[in-house]
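Here are the chains, one letter per residue:
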Amino acid sequence: MKSTAAPPVSLPSQANRHWVITGGTNGIGLEAARAAADAGADITLTARTMARGAQVATELGERGATVSVIQLDLTDLDAVRRGAEQIVAADRPVDVLVNNAGAVSARRTETPSGAELILATNVLGPFAFTNHIAPLLTGRIVITG
């Protein structure tokens with residue numbers, strides 16, 4: 001049986017480029033982080049759980065990447081602001097922002113501030129995060145869904 005899977009794609013050199021990846025500890029975000037690391041990018045990962053972020057940072061570091069991790073919970077706009085402030089404080093241009101973090105749920109759940117969880121995680125949080133770091137954005141914004 002012939003495979004219908006797309007062949008792997010190699011990124012051009014990302015040396016001296018800074019990627020910020022939300023949701024970079026699992027799934028598509030993790031694969032994007034691996035590809036960016038293999039292409040030589042410096043990476044800032046966001047993670048709800050710092051322990052998981054540290055694990056992924058170690059893996060990407062073994063691939064030769066320089067990686068930092070910031071804690072970010074997109075369901076909490078105060079946490080979004082704090083996470084964005086860390087990126088702004090570093091005062092480094094962001095060449096690629098990958099807004100990948102997301103959530104899905106079979107039940108309606110609200111955040112502590114009263115927003116619907118899926119809307120907060122997939123739309124409101126990433127929108128606010130992007131706006132907070134917008135002055136540093138120099139290149140692409142990639143949104144996964």
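**A look at unusual backbone geometry**
Reasoning step 1: Non-glycine residue N16 carries a positive phi angle of around 65°.
Reasoning step 2: Judged by its relative accessible area of 71%, N16 falls in the exposed class.
Reasoning step 3: The phi torsion at D91 lies on the positive side, around 50°, for a residue other than glycine.

**Some points on the packing of helix 1 (residues 27-38) against helix 2 (residues 50-62)**
Reasoning step 1: Running from amino to carboxyl end, helix 1 crosses helix 2 at an angle of 30°, the nearest separation of the two axes being 10 Å. Put simply, helix 1 runs roughly parallel to helix 2. In the crossing of helix 1 with helix 2, the sense of the turn from one axis to the other is right-handed. Of helix 2, the residues touching helix 1 (which contributes L30, A33, R34 and A37) are R52, V56, E59 and L60.
Reasoning step 2: Here the contact of helix 1 with helix 2 is composed, by residue class, of five nonpolar, no polar and three charged.

Calculation rules
- Residues numbered from 1 in each chain as written.
- Predicted model: local features only at pLDDT ≥ 70, side-chain atom pairs only at ≥ 80, totals over all residues.
- Heavy atoms only, no water.
- Buried < 20%, exposed > 50% of the residue type's maximum accessible area, 1.4 Å probe, protein only.
- Axes fitted to C-alpha atoms, helices over the stretch in contact; angles between N-to-C directions.
- Helix = DSSP H or I, 4+ residues; strand = E, 2+ residues; numbered from the N terminus.
- Parallel < 35°, antiparallel > 145°, perpendicular 65-115°, else oblique.
- Left-handed = near helix turned anticlockwise from the far one by under 90°.
- Contact = heavy atoms within 4.5 Å.
- Nonpolar A, V, L, I, M, F, W, Y, C, P; charged D, E, K, R; others polar.

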